[in-house]
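Residue strings, one per chain:
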Amino acid sequence: MAALLPAEWIKNWEKGGKNEFVQLCRALSENKNHDVGFRDIQQALYELAYHVVRGNLKHDQASNVLGDVIEFREDMPSILADVFCILDIETSCLEEKNKRDHFTQLVLACLYLVSDTVLKERLDPETLESLGLIKQSQQFNQKSVKIKTKLFYKQQKFNLLREENEGYAKLIAELGQDLSGNITSDLILENIKSLIGCFNLDPNRVLDIILEVYECRPEYDDFFVPLIESYMYMCEPQTLCHILGFKFKFYQDPSGETPSSLYRVAAVLLQHNLIDLEDLYVHLLPGDNAIIEEHKREIVEAKQIVRKLTMVVLSSEKTEEKEKEKEKEEEKTEKPPDNQKLGLLEALLKIGDWHHAQSIMDQMPPFYSTSHKPIAIALCQLVHVTIEPLYRRVGVPKGAKGSPVSSLPNKRAPKQAESFEELRKEVFNMLCYLGPHLSHDPILFAKVVRLGKAFMKEAGTVKKFVSDRVVKFQSDGSKQEDKEKMETLFSCLLSITDQVLLPSLSLMDCNACMSEELWGMFKTFPYQYRYRLYGQWKNETYNSHPLLVKVKAQTIDRAKYIMKRLTKENVKPSGRQIGKLSHSNPTILFDYILSQIQKYDNLITPVVDSLKYLTSLNYDVLAYCIIEALANPEKERMKHDDTTISSWLQSLASFCGAIFRKYPIELAGLLQYVANQLKAGKSFDLLILKEVVQKMAGIEITEEMTMEQLEAMTGGEQLKAEGGYFGQIRNTKKSSQRLKDALLDHDLALPLCLLMAQQRNGVVFQEGGEKHLKLVGKLYDQCHDTLVQFGGFLASNLSTEDYIKRVPSIDVLCNEFHTPHDAAFFLSRPMYAHHISSKYDELKKAEKGNKQQHKVHKYITSCELVMAPVHEAVISLHLPKVWDDISPQFYATFWSLTMYDLAVPHSSYDREVNKLKVQMKAIDDNQEMPPNKKKKEKERCTALQDKLLEEEKKQLEHVQRVLQRLKLEKDNWLLAKSTKNETITKFLQLCIFPRCIFSAIDAVYCAHFVELVHQQKTPNFSTLLCYDRVFSDIIYTVASCTENEASRYGRFLCCMLETVTRWHSDRVIYEKECGNYPGFLTILRATGFDGGNKADQLDYENFRHVVHKWHYKLTKASVHCLETGEYTHIRNILIVLTKILPWYPKVLNLGQALERRVHKICQEEKEKRPDLYALAMGYSGQLKSRKPFMIPENEFHHKDPPARNAVPATVQNGPGGAGMPTSLAINTVRLEEGATEETADKLKEKSQGVVKVINKTVNATPKVTTSNGNSASNSKIIKEKDDKEKSGKEKDKEKKDKTPAATPEMKALGKDGKDKPKEERANKDEKAREIKEKTPKSDKEKEKVKKEEKASKEEKSKMVVTIIESKSTAEKEREKEPSRERDLAKEIKSKENAKGGEKVPVAGSLKSPVPRSETSESEREQKRRKVDTHSSPSHSSTVKDNLNELKDSSAKHYINHTTPTLSKSKEREVEKKDLDKSRERSREREKKDEKDRKDRKRDHSNSDREVPQDSTKRRKEENGTTGSSKHSKSESPSDSPRLNEKEKEKNKSKSSGKDKGDSIKAEKMEKSSSGSKKESRHDKEKTEKKEKRDSTGGKEEKKHHKSSDKHR
């Protein structure tokens, strides 16, 4: 610190230093800052004195100046005494004696300035002695000690109560007097003071008595509080606290109980800040540590109780445990020591001192204090008071009186809340301390909830207000502020709900009203907030408090008890128990119930029925619990085999559907969950949506629909509801409305549709990944079915505006949302229908024309208006090339129509109306039914009947309008700019196939649509080609279907077959529906010329051949699929076969082939794949039951007209068989290509033989077999067949050798006999002549003629089908053919000349004038050709050229060798006649046979010489086929014992003694059979014959190779 007294002043003291010092002191003493002035003067005086001590200044100079300064301040003497005191201590320590002397002199000089007493007080006794102020320092010291002792340590003798009772009696009288008058605390205080003084009372004891009297007179707060406050001015501050502490201490012994009055007094004193809480708190027991320990102990005990409840206890242990528990309870009954802290807390709460109460609560574990009921109730009461004004203003329900709560008299109590903001600041805090213990006061609970409801109502309007005006009033900050306040309040309300309301509900005794009251507030929250609250409640709240832990365990225990006893019979009582339990602890209960449902699905029905006693809140919690159970990440959604969806998920889904339908539960959360799962690429949970829509809307998706149901589904809504579903789903109006509202309110309708449509492919390509194919198929089906079901629901339940507003246009759906086309049209279809009908209504209103024509015209106009934009939009969906063949209009028309538009299901309407009539009759006959109920029921039935009839009429009008529209449109449908074949391809590819597997009704629709296009005589549409492509090769389509798609595809094929079978069944129907229709033209001319003469139409008999071919194709495909061993192939083909069973198989041998194959599947799959086994067994059983309805092949496609009834002949000009229409010949190519896998070599060689035969116009038929060469089933079936035949007689074999048989392949595939009719025409006269000359008059021969004719018809049919297949190729080939044919013809002629021709007729055939050698030669060539075909693996370009010629030859070969299956009666006649005449003819025939054999030996030895080993093997196989085919006309051979008999007879009549050279075929057949068990002499003969043939046949084969090379 800088010196205040400079050295210059001391040096020039007298001159100016003295004055300067005086001025300085004056200035310092005048300083307004008292403290600073004091310190500075002190320093100045000290420095002056120090200069004196050091000798710089004389003591008298200093005393003079101090005399001047002393007047400046009152306390100057005291300051000076302080300075002397400091210097005294300093100088006494110094060694320099002179300085001490200077100090003493200074003090002596200044004695007149400072009084003796002050100096005696501050200076050392020795100094005082040296100054002469005291005589002896020692005596002085002793005297001061005595005084201090007397003053501080000697106790005053006050009069205690027993000694001075009068004083205390007067005091008590004073305090206990009537205080109602004008007596004030000040007056009494004066009296008390007097009493203390007069009777010498102890002031502390007086204070104690004041407190005692206050305890007894608590109502006089206003008197005692000021009294104590005034009294405390006379005491030390701590006194009051200590006295209270001693009072509490008195009650702290174990038996003591602190009186509430004492707590109240302490609380009031705390509230008025007369004592500090910290000071009093230390006097109270128990200590905080003890409280924390107790809290921990409670938690441990709660956990032990839980463990006991969940443990399985054996009976022997139970008794011990019970004893232990009893002991524990006895221990517990000992009363715990009084908790003074809680007592004080309660008192504080009662008087409304929230501030101090909060401080005490903060010292304890959470909710420890409020877990004591008195405290909880006191706090609740405080909250009641605080919220009263606000509750009265906004919370009281209309019409409720309520009992107002009076406010606390205490002015220091918390301020009552007038607004929600104040509520947040004060009350929410109190409630948080209360926690779950709000359960003690249900009334307060209800009040808080009602305030929450009122707030949400207000917030809703504010929110709306803000959101409406947020743009306009951006500058208006107050609105934004309001919004923020509201958000803060809302988050606080959620916290209160989470921490207080829900836990309190758990602790309440079941209180349904409370639950409903809470729902009143909850329903104003969005479901996201509600579910979050439920989640916290379920998963966290129950662990936060020992009481809640116990409650949870007890709830689970009780739930187990109820669920164990729940059955269908006791649903009501159990339901009541469940309801009771659910009011308080729904989350825990439902969690347990759901876990049980997931394990035992038979609980679903009783549980659903038992949940009818729940509150709205409980239903909402149930919805949350279901979603949580579904989303459980620990549960696997697949079974362990990875092929099926887990049963727990299926059970939950089923439960969802039932519960959401039956009870009014909000769906938004569940629907959003499904949408989120889809978005995440998971489609398992679609199962839930499927169940919910099925149960709530009554829309069923099942592949097991009967045809009757399916038919009903094509009618109006009423018919669908009555006849379209398995269960009569009634009363879905409310539930479907709820579902619709949920979807629209949360904008989930379209997103769900789009997500499902996209997820269908996602299932396969993303989700499918590692999953089993079976499961992928299941998920795909589930996804697709749910889409169809959901789309159906939207279409039938959304209003037109809603639907149109939500579904975008078709191009947006496909191009932007990447929706598959079938799904996009499925979603848009109802929109088009709505649009058209609304436009139509508008037009009808505009003009009142009632004529039918006007109506139709208006309808067509409205269609054009609506569909024009769609036609534009669809163009973007496919490449421009597509629209060359089909028009956008046709495409859009196909996809936008439904079965409802095409046909009226009259039979369904009649069926339902009849049912209602029966019902009404039953109602009339029912005597027990009360009359009013009868009347109601009858009215219902009548109303329903009227509705159905009205609906039928409406649909009929609609269908007529639609058909008129299609009639007008049809000419622009198919443009066919490329070929009709291409048009059909596009039609099938883009329209039929995608839609026929979309849904069962769509499958029916596709079949009907094809028929409709045919009936409309649509230009450029070849019905034949369309049907042919559908039936020809179904393997690929079937193999690529899922299970349900296979079922739908089967339905489609079934409907297609139904149409075909109808046409096939009756010539009249055929002629009427197909006769003159362009769809049945067999010559496909260039585009633009579509009318044909009668000859171009396919006639009835040929159509029957074609149908047989289709049946054969289906068999072939089915057998192939069954033999693959692939799970999907087998499953799908079995499903398809089951669906088409009414119309296929119709032919006996095809049916038998199928039956054998299916039987094999049954045996193979029984252990391996039980699901396939079940399918196969099911089909097998049904197939057997259909067997009586199957017919032999000849009845299926062969009539018996006279031989001359052939189609009028066309003259053959030259080598190509030019009399046959070229296109016909050429078109055979396509079918063959598609149907069989014939190879180039085979076809070439065939063509050579064909040309040769054509040139000679040969009508005799060698034994020809053409084999399919590719069907595994053929060889297997043939082997089975051969085994059977082997066991027949040797004669049978010989006869086989002689009787050439047409192979099934030829007939079924139409490979070889298609061109026969034309050939037949050319040679009609010749045939007639031959028959007259050569045919013996026996029935046997007549029979053969018939066979021949039948074969001719078959050829016709096959011919025609082939025509249909290819047009463009045909035209190209025409130019090439003649030259090739000529080459072939020349070569073949030269061969024939070399051979020379012996004219030996073939035994067993029509006798022909043609030389034998030629016939047998062509036959040999064909055999060789056939062998060669197997070796060539690829189709070369020459296939198409050569196939045509092949057809001609095969047709001719075929004529005389069809062996029809006869009816039994015919057989018997034939047998008798043959027996009679056989002997007469035997001799005659022997001669002929010998010639024949020689001929054949020679020819065969030539032809078969150089056949390689593998080809001989193949020949064996084929000859097996040939032999077997004698019994059946189609490829799948089946045994025909009748034929065997017939053939025996033929053998008898034809030759009684056959020799070695007899039959090559029999030998081949035996070789090809699986095990030749019976070798006879015939075998030896055959082998000899073969050796000869091998040695001589090389030349001919070489020639054939050369000719085929040319063609290559």
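Conventions adopted
- Residues numbered from 1 in each chain as written.
- Predicted model: local features only at pLDDT ≥ 70, side-chain atom pairs only at ≥ 80, totals over all residues.
- Heavy atoms only, no water.
- Helix = DSSP H or I, 4+ residues; strand = E, 2+ residues; numbered from the N terminus.
- Buried < 20%, exposed > 50% of the residue type's maximum accessible area, 1.4 Å probe, protein only.
- Contact = heavy atoms within 4.5 Å.
- Areas by Shrake-Rupley, 256 points an atom, 1.4 Å probe, with all protein chains shown as cover.
- Patch = residues over 30% accessible without salt bridge, like charges linked within 9 Å, V, L, I, M, F, W, Y side chains within 5 Å.
- Salt bridge = Lys/Arg side-chain N within 4 Å of Asp/Glu carboxyl O.
- Phe/Tyr/Trp six-rings, centres within 6.5 Å; stacked < 30°, edge-to-face > 60°.
- Lys NZ or Arg CZ within 6 Å of the ring centre and 35° of its normal.
- Lys, Arg positive; Asp, Glu negative; His and termini not counted.
- Charge placed at Lys NZ, Arg CZ, Asp CG, Glu CD.
- Expected span 1.5 Å × (residues − 1).
- pLDDT = per-residue confidence, 0-100.
- Core = buried A, V, L, I, M, F, W, Y, C linked by side-chain atoms within 4.5 Å.

Moving on, we come to the overall build of the chain. Scanning the chain from N- to C-terminus turns up 75 helices and zero strands. Residues classed as buried in the chain amount to 55% of the 1608 residues present. When contacts within the chain are restricted to residue pairs at least 6 apart in sequence, those whose partners lie at least 24 apart make up 81%. Summed over all atoms, the accessible surface of the chain reaches about 71,700 Å², with 52% contributed by carbon and sulfur.

A grouping of Leu151, Phe152 and Tyr153 is seen on the molecular surface, where their side chains present a nonpolar patch of about 440 Å² in accessible area. Residue placement: Leu151 occurs in helix H9 (residues 137–153).

Time to look at the packing of aromatic side chains. Where two aromatic rings form a pair, the distance of their centres and the angle of their planes describe that pair. For the coordinates displayed, the defined rule picks out 48 aromatic pairs. Between Tyr1027 and Trp1063, the ring centres sit 5.7 Å apart and the planes meet at 70°, which makes this aromatic pair edge-to-face. Pair noted here: Tyr1027 is in helix H50 (residues 1023–1032) and Trp1063 is in helix H52 (residues 1043–1065), with a separation of 36 residues, a long-range link. For the residue pair Tyr1027 and Trp1063, the accessibility class agrees, reading buried in each case. In this structure an aromatic cluster arises from ring pairing among Phe825, Trp883, Phe890, Tyr891, Phe894, Trp895, Trp973, Phe987, Tyr1005, Phe1009 and Phe1021. Its guanidinium or amino end placed over the ring of Tyr1005, Arg995 lies 3.8 Å from that ring's centre, counting from NZ or CZ. In this structure, Lys1017 packs its charged tip against the face of Tyr1077, placed 4.8 Å from the ring centre.

To continue, consider a positive patch on the surface. Taken together, the side chains of Arg558, Lys564, Arg565 and Lys580 present a region of like positive charge at the surface. Ranked by the residues each element gives to the positive patch, the list is headed by helix H27 (residues 546–565), at three residues. With respect to the helices and strands, Lys564 occurs in helix H27.

Turning to unusual backbone geometry, a few remarks are in order. Omega for the peptide link from Leu285 to Pro286 comes to -5°, which places this bond in the cis form. With respect to the helices and strands, Pro286 occurs in the loop between helix H16 (277–281) and helix H17 (288–310). Between Tyr1144 and the following residue, Pro1145, the backbone shows a cis peptide bond with an omega angle of 0°. When you line up the elements, Pro1145 lands in the loop between helix H55 (1127–1139) and helix H56 (1148–1168). Its identity as a non-glycine residue notwithstanding, Lys1017 has a phi of 55°, on the positive side. Within the element layout of this structure, Lys1017 appears in the loop between helix H49 (1000–1015) and H50.

A separate point is the pattern of salt bridges. With the rule as written, the count across this model stands at 51 salt bridges. When the shortest N-O distance is used, the salt bridge between Glu166 and Lys170 registers 2.9 Å. With Glu166 and Lys170 both in helix H10 (residues 165–176) and four residues apart, the pair spans about one turn of that helix. In this structure, the salt-bridge partner of Arg1062 is Glu1011, at a minimum N-O distance of 2.7 Å. Taken together, the residues span a long stretch of sequence, with Arg1062 in helix H52 and Glu1011 in helix H49 at a distance of 51 residues. The exposure class assigned to Arg1062 is partly exposed, which follows from its relative accessible area of 29%.

A cluster of acidic side chains, namely Glu481, Asp482, Glu484 and Glu487, defines a negative patch on the protein surface. Within the fold, Asp482 resides in helix H24 (residues 477–507). Among the residues examined, Asp482 registers a relative accessible area of 36% and is labelled partly exposed.

The next point concerns the side chain of Ser439. Within the secondary structure, Ser439 is located in the loop between helix H22 (420–434) and helix H23 (442–469). Of the residues examined, Ser439 reaches a relative accessible area of 12% and is grouped as buried. Discounting residues that sit within four places of it in the chain, Ser439 has contacts with Ser504, Leu507 and Met508.

This next bit is on helix H3 (residues 34–54). The end-to-end C-alpha distance of H3, which contains 21 residues, comes to 30 Å, matching closely the 30 Å that a straight helix rising 1.5 Å per residue would cover. Two residues or fewer after H3 comes Gly55, characterised by a positive phi angle close to 90°.

An ideal rise of 1.5 Å per residue puts 16 Å on twelve residues; helix H15 (residues 260–271) measures up with 16 Å between its terminal C-alpha atoms. Across the twelve residues that make up H15, a large majority, nine, are buried. What H15 keeps buried is the set Leu262, Tyr263, Val265, Ala266, Ala267, Val268, Leu269, Leu270 and Gln271. The inward-facing, buried residues of H15 contact helix H12 (203–216), helix H13 (221–231), helix H14 (237–250), H16, helix H19 (340–351) and helix H20 (354–363). Directly beyond the C-terminal end of H15, a positive phi value near 60° is found at Asn273.

Here we take up the confidence of the model for the chain. When pLDDT is averaged across the chain, the result is 75; 69% of the residues are at 70 or more. Averaged pLDDT values for the elements of the chain fall to 36 in helix H59 (residues 1222–1235) and rise to 95 in H15. Across residues 1500–1578, confidence stays below pLDDT 50; counting only partners more than four residues off in sequence or on other chains, it has 274 contacts.

All right, on to the nonpolar core then. Ranked by size, the top nonpolar core spans 316 residues in total, and within it Leu344, Phe655, Leu752 and Phe1052 carry the most contacts. Among the elements that take part in this core, H24 stands out by supplying twelve residues, more than any other. Ignoring sequence-local partners within four residues, the contact set of Phe1052 consists of Ile992, Cys996, Ala1003, Cys1006, Ala1007 and Val1030.

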